[in-house]
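Each chain, written out:
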Amino acid sequence: NELNWKGKTDAAMEKHMQSRAAIIEVYRRDGKTPRVIFELGQAEFYVGEVYIQKGQLERTRQHWSYYGALTRRLLNAEPKNPVYVMELAYTLLNLGALEQMFAVPDNQKSLTLLQAAVQYSQMALVLDPGNAEYESSLASALEWQSDAWIQVCSLGNALEGRLETESVRRKLLAADPDGINARIDLAYTLSGLSVVQQDIGLNENAVESLREAVAILKTVHGDEPDNESIEWESLYREARLARILTAVGELEQAREIFLRLAGRIGELSRDGELGDQSRVVEARFFDLDQARVMRASGQVEQGEALLRDTVARITDMVRKNPDFRRSLVALVYASFFYWEQFGVQPPGSPELLATLYPVDFKAESCTDADRAARIAVMEGDREKARRMTDYAVGKGYFEAEFIRFCRQYGLCELP
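Conventions and cut-offs
Residues numbered from 1 in each chain as written. Predicted model: local features only at pLDDT ≥ 70, side-chain atom pairs only at ≥ 80, totals over all residues. Heavy atoms only, no water. Helix = DSSP H or I, 4+ residues; strand = E, 2+ residues; numbered from the N terminus. Rg over C-alpha atoms; globule rule 2.2 N^0.38 Å. Buried < 20%, exposed > 50% of the residue type's maximum accessible area, 1.4 Å probe, protein only. Contact = heavy atoms within 4.5 Å. Areas by Shrake-Rupley, 256 points an atom, 1.4 Å probe, with all protein chains shown as cover. Lys, Arg positive; Asp, Glu negative; His and termini not counted. Charge placed at Lys NZ, Arg CZ, Asp CG, Glu CD. Polar contact = N/O pair within 3.5 Å; in protein donor to acceptor, adjacent residues only side chain to side chain. Expected span 1.5 Å × (residues − 1). Arc of directions from axis to C-beta. Salt bridge = Lys/Arg side-chain N within 4 Å of Asp/Glu carboxyl O. Phe/Tyr/Trp six-rings, centres within 6.5 Å; stacked < 30°, edge-to-face > 60°. Axes fitted to C-alpha atoms, helices over the stretch in contact; angles between N-to-C directions. Parallel < 35°, antiparallel > 145°, perpendicular 65-115°, else oblique. Left-handed = near helix turned anticlockwise from the far one by under 90°. Disulfide = S-S within 2.5 Å. Core = buried A, V, L, I, M, F, W, Y, C linked by side-chain atoms within 4.5 Å. Nonpolar A, V, L, I, M, F, W, Y, C, P; charged D, E, K, R; others polar.

Student: Sorry, what's going on with the overall build of the chain here?
Tutor: Regarding its fold elements, the chain presents 19 helices and zero strands. Taking 2.2 N^0.38 as the reference for a compact globule, 415 residues should give roughly 22 Å; the C-alpha atoms of the chain span a radius of gyration of 22 Å, in line with that estimate. Expressed as lengths along the three principal axes of its C-alpha atoms, the size of the chain is roughly 65 × 45 × 40 Å. Within the span of the chain, comprising 415 residues, buried residues form 55% of the whole. Restricting the contact set of the chain to residue pairs at least 6 apart, pairs at least 24 apart contribute 64%. Of the roughly 18,300 Å² of accessible surface on the chain, a fraction of 51% belongs to carbon and sulfur atoms. One way to put it: in the chain the 49 positive side-chain charges average out to a point 3 Å from where the 63 negative ones average out.

Student: Would you take a moment to explain the side chain of Ser110 for this structure?
Tutor: Position of Ser110 among the secondary structure elements: in helix α6 (residues 107-127). From its side chain, Ser110 meets the backbone oxygen of Gly96 in a polar contact 2.8 Å long. Here Gln100 takes part through its side chain, which lies 3.1 Å from a polar atom of the side chain of Ser110. Filtering out sequence-adjacent residues up to four positions away, Ser110 remains in contact with Gly96, Glu99, Gln100 and Ala148.

Student: Looking at this structure, I do not really get helix α8 (residues 155-175). What am I missing?
Tutor: Think of an α-helix as 3.6 residues a turn; residues three or four steps apart then line up on the same face. For α8, spanning 21 residues, the distance from its first C-alpha to its last is 30 Å, which sits close to the expected 30 Å at 1.5 Å a residue. Regarding α8, the residues found buried are Leu155, Ala158, Leu159, Gly161, Arg162, Thr165, Glu166, Arg169, Leu172 and Leu173. Mapping the buried residues of α8 onto a view down its axis gives an arc of 160 degrees, with all of them on the same face. Structural note: α8 exposes Gly156, Glu160, Lys171, Ala174 and Ala175 on the side pointing more than 90 degrees away from its buried face.

Student: Please clarify how the pattern of salt bridges should be interpreted in this entry.
Tutor: Oppositely charged side chains can form a pair if their charged atoms are brought close together. Per the counting criterion, the structure on display carries 33 salt bridges. The residue Asp289 makes a salt bridge to Arg243 at a minimum N-O spacing of 2.7 Å. Taken together, the residues span a long stretch of sequence, with Asp289 in helix α13 (residues 277-296) and Arg243 in helix α11 (residues 228-247) at a distance of 46 residues. Asp289 sits in the buried class, given a relative accessible area of 9%. Linking Arg374 and Asp370 is a salt bridge whose minimum nitrogen-to-oxygen distance equals 2.8 Å. Note that Arg374 and Asp370 are positioned in helix α17 (residues 366-379) at a spacing of four residues, about one turn of the helix. Across the pair, Asp370 and Arg374 agree in class, each one buried. Members of the salt-bridge network, linked through shared partners, are Glu143, Asp147, Arg162, Arg169 and Asp185.

Student: In this structure, what is going on with the packing of aromatic side chains? I would like to understand it.
Tutor: Counting across every chain of the model gives 14 aromatic pairs. Measuring from centroid to centroid gives 6.1 Å for Trp339 and Tyr409, while their planes differ by 40 degrees, and the two rings are tilted. Within this pair, whereas Trp339 is found in helix α15 (residues 325-342), its partner Tyr409 is found in the segment after α19 (400-408), the two being separated by 70 residues in sequence. Each member of the pair, Trp339 together with Tyr409, is buried.

Student: Explain the packing of helix α7 (residues 132-151) against helix α9 (residues 180-199) to me, please; I cannot follow it from the model alone.
Tutor: For any two helices packed against each other, one specifies the crossing angle of their axes together with the interaxial distance. As a packed pair, α7 and α9 sit with axes 11 Å apart at the nearest point and diverge in direction by 20 degrees. Viewed along their axes, α7 and α9 adopt a mutual orientation that is roughly parallel. As α7 runs across α9, the sense of the crossing is left-handed. Along its contact with α7, which presents Ser136, Glu143 and Ile150, the element α9 presents Asp185, Thr189, Val195, Val196 and Asp199.

Student: Sorry if this is basic, but what is going on with the state of the cysteines here?
Tutor: Joining two cysteines, a disulfide is a covalent bond between their sulfur atoms. Evaluation of the coordinates by the stated rule reveals two disulfides. The cystine pairing of the chain, numbering bonded cysteines in sequence order, is 1-2, 3-4.

Student: Hey, could you run me through the nonpolar core in this one?
Tutor: One recurring pattern in soluble globular proteins is that nonpolar side chains are buried together. Core analysis: the biggest nonpolar cluster contains 94 residues, and Val377 and Phe405 have the highest contact counts within it. The element contributing the most residues to this core is α15, with 10 residues. For Phe405, the residues in contact, after removing those within four places along its chain, are Phe336, Asp370, Ala373, Arg374, Val377, Thr389 and Leu411. In terms of nonpolar packing, the next biggest core, distinct from the first, is built from 20 residues, Val207, Leu235, Ile244 and Ile265 among them.

Student: Honestly, the environment of Leu414 in this entry has me stumped. Any pointers?
Tutor: Looking at the element boundaries, Leu414 is found in the segment after α19. Taking the relative accessible area as the measure of exposure, Leu414 reaches 26% and is therefore partly exposed. Taking C-alpha positions, Leu414 is 30 Å from Ala354, a pair spaced 60 residues apart along the chain. Not counting the four nearest positions on each side in its chain, Leu414 is found in contact with Val393, Phe398, Ile403 and Arg407.

Student: I would appreciate a short explanation of the packing of α6 against α7 in the present structure.
Tutor: The interhelical angle for the contact between α6 and α7, taken along N-to-C directions, is 160 degrees, at an axis separation of 9 Å. In terms of their interaxial angle, α6 and α7 are classed as roughly antiparallel. At the point where α6 passes α7, the crossing takes the left-handed sense. Along its contact with α6, which presents Asn107, Ser110, Leu111, Leu114, Gln115, Ala117, Val118, Ser121, Gln122, Ala124 and Leu125, the element α7 presents Tyr134, Glu135, Ser137, Leu138, Ala141, Leu142, Trp144, Gln145, Ala148, Trp149 and Gln151. Along the lines of polarity and charge, the residues of the contact of α6 with α7 split into 13 nonpolar, eight polar and one charged.

What is shown is where atoms sit, not what they do.
And the structure:
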């Protein structure tokens, strides 16, 4: 697990597979005791965790489903055991979160799984009141449930859940002010809160949340200078901060961040032991944002060159792994920016995006409506684009870049 935490995914997979094989042998030879079943479930979880970093979502689902089945067996035998109740909550949380990562997720399924995860986390706390680990896990379940609310564009519920989580995280940190996990958890919570704040147009609040998250992670990295995973989490969030600043017109602040981070983000996102699929995609988002700021700052040729290179890289990623949603999302924004600059979609983009938002697509997520509207504009389907933007605005979605797009193409009638 330490190898995985440090980003060394290949080495981590080797160790986890060896451990899993050894536990399976014990399971077959010495009987199916609760301890062996529990340990086998843990092994299935960690193997799945590495697969998710590699973007192999079906493999992850397979191992996490085994993990869930083993946990159910334990809980059925001891229904009032808080450890087993909490393990089932973890299982439901993981499967619910995983569902959101597929190219075409089942949003209602994800929400149902995550609501159940919250309920089982609460049950574990009833059985073991005051357990700090369980309180932290409940906060995580609430966070993922908030993300599921975002996927069905229920932004009020998402904000409520995120604010509740922030309160829990600050309480846990107050009880353990020097705890590294408590600090990291609060940083991640603030980062997630900023997403909802940004979606509903509270840009100043989103910037404030991200700045605090970055400050916490920089402090943690200062305590652990060799921990490249924490360094990445800090840089990634600072890049997101620059993205918000770009959207609200603070180009000089954004440009300073892009210039300062570019080299190190490139190093940490490289393919190999220190790079997982999500990390590489976020690095490409960074490149897209940097290209936009370059053009806006007068570096037109450099910006266009970076844009072409980035679009080609994202297109290649999607071709290699068309089921990984984050890559497809990146391709939508990359293709739209490319179309705005050059008047045509990049080679291969229309075919690769066709499965994401088909002709009869009906939006649940406001962010999906945002992206589907951009594709419709590129394809000249103004009616569909207006239908998508009307849906998002009607749900209270006022993300700054979306509003800019909506106004620029005459799709919104906003003050």
